[in-house]
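# Descriptive analysis of the structure
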Amino acid sequence: MKLRYMIECALRDGDTNPHYEPIGVWVQGPGPGLDIIMEYLPGNDDFQEDADWVINRLVENDIKSLVDGFLEYHQQTMSSYRGTRCEIVETEEFATSEECAAAVLAKIRNDL
């Protein structure tokens, strides 16, 4: 299954040692429908809430499927004062979006 994902990072230690720390992942599946998973490491509730609101807005606006460029749009619209969304990776390594998200989060945890 062809999946696309991007890692989300938060700006940490902005006053003393500014750096971006990986905190979550967005995984877009091939569809149909709103085939998107957004998951974060514990302690990043505000980022998870923002991602949940993206889904809420799609549902409220009766969007039935994701448009081309969905990840690209959200990658470009994040303020660098809050964080960044890394390059978009395409993979066929995983059977499901959930499996991909779990593997990426496990890698982020191991790298911290």
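Here is a short report on the structure shown in this document. (Residues numbered from 1 in each chain as written. Predicted model: local features only at pLDDT ≥ 70, side-chain atom pairs only at ≥ 80, totals over all residues. Heavy atoms only, no water.)

### Structural notes on the packing of aromatic side chains
- Taken as a whole and judged by the stated rule, the model has one aromatic pair.
- Between the aromatic rings of Trp26 and Phe70, the centroid separation amounts to 6.3 Å while the plane-to-plane angle is 35°, which identifies the pairing as tilted. Taken as a pair, Trp26 in strand 2 (residues 19-28) and Phe70 in helix 2 (residues 70-76) lie far apart in primary sequence, 44 residues in all.
- Look at Trp26 and you get buried, because its relative accessible area is 0%.
- The ring of Phe47 has Arg82 lying over it, and the distance from NZ or CZ to the ring centre is 4.0 Å. (Phe/Tyr/Trp six-rings, centres within 6.5 Å; stacked < 30°, edge-to-face > 60°. Helix = DSSP H or I, 4+ residues; strand = E, 2+ residues; numbered from the N terminus. Buried < 20%, exposed > 50% of the residue type's maximum accessible area, 1.4 Å probe, protein only. Lys NZ or Arg CZ within 6 Å of the ring centre and 35° of its normal.)

### Side note on the nonpolar core
- In this structure, Trp26, Met38, Tyr40 and Phe70 are the most contacted members of the largest nonpolar core, which totals 15 residues.
- Contributions of two or more residues to this core are made by strand 1 (3-12), strand 2, strand 3 (36-40), helix 1 (45-60) and helix 2.
- Look past the residues within four positions of Phe70 in its chain and what remains in contact with it is Trp26, Gln28, Ile36, Met38, Val54 and Leu58.
- Within the second largest apolar cluster, 12 residues are counted, among which are Tyr5, Val27, Leu41 and Val104. (Core = buried A, V, L, I, M, F, W, Y, C linked by side-chain atoms within 4.5 Å. Contact = heavy atoms within 4.5 Å.)

### A short note on the pairing of strand 2
- Inspection of the sheet shows strand 1 paired to strand 2 by nine bridges, in the antiparallel sense. The partner of Arg12 across the bridge, within strand 2, is His19.
- Counting the residues that bridge the hairpin from strand 1 to strand 2 gives six residues, and of these Asp13 lies at a positive phi of roughly 50°.
- Pairing between strand 2 and strand 3: five bridges, direction antiparallel. Residue pairing in the sheet places Trp26 in a bridge with Met38 of strand 3. (Pairing = 2+ DSSP bridges.)

### Let's talk about the side chain of Glu8
- Relative to the assigned elements, Glu8 resides in strand 1.
- Note on Glu8: relative accessible area 1%, which makes it buried.
- Beyond its immediate stretch of four places on either side in the chain, Glu8 contacts Glu21, Pro22, Ile23, Gly24, Trp26, Tyr40, Phe47, Met78, Thr84 and Arg85.

### Considering helix 3 (residues 97-111)
- Here helix 3 spans 21 Å end to end across 15 residues, near enough to the 21 Å set by a 1.5 Å rise per residue.
- Along helix 3, the residues classified as buried are Ser97, Cys100, Ala101, Val104, Leu105 and Ile108. End-on, the buried residues of helix 3 take up no more than an arc of 125°, which puts them together on one face. Facing away from the buried side of helix 3, by more than 90 degrees, are the exposed residues Lys107 and Asn110.
- For helix 3, the secondary structure elements touched by its buried residues are strand 1, strand 2, strand 3 and strand 5 (89-91). (Expected span 1.5 Å × (residues − 1). Arc of directions from axis to C-beta.)

### Some thoughts on unusual backbone geometry
- That bond from Gly31 to Pro32 is cis: its omega, 0°, falls within 30 degrees of zero.
- For Pro32, the position within the fold is in the loop between strand 2 and strand 3.
- Positioned with a positive phi, Asp13 is a non-glycine residue whose angle comes to about 50°.
- Examined against the element boundaries, Asp13 turns out to sit in the loop between strand 1 and strand 2.
- You can call Asp13 partly exposed: its relative accessible area is 44%.
- Within the chain, Asp62 stands out as a residue other than glycine whose phi angle is a positive 60°.
- Inspection of the secondary structure puts Asp62 in the loop between helix 1 and helix 2.

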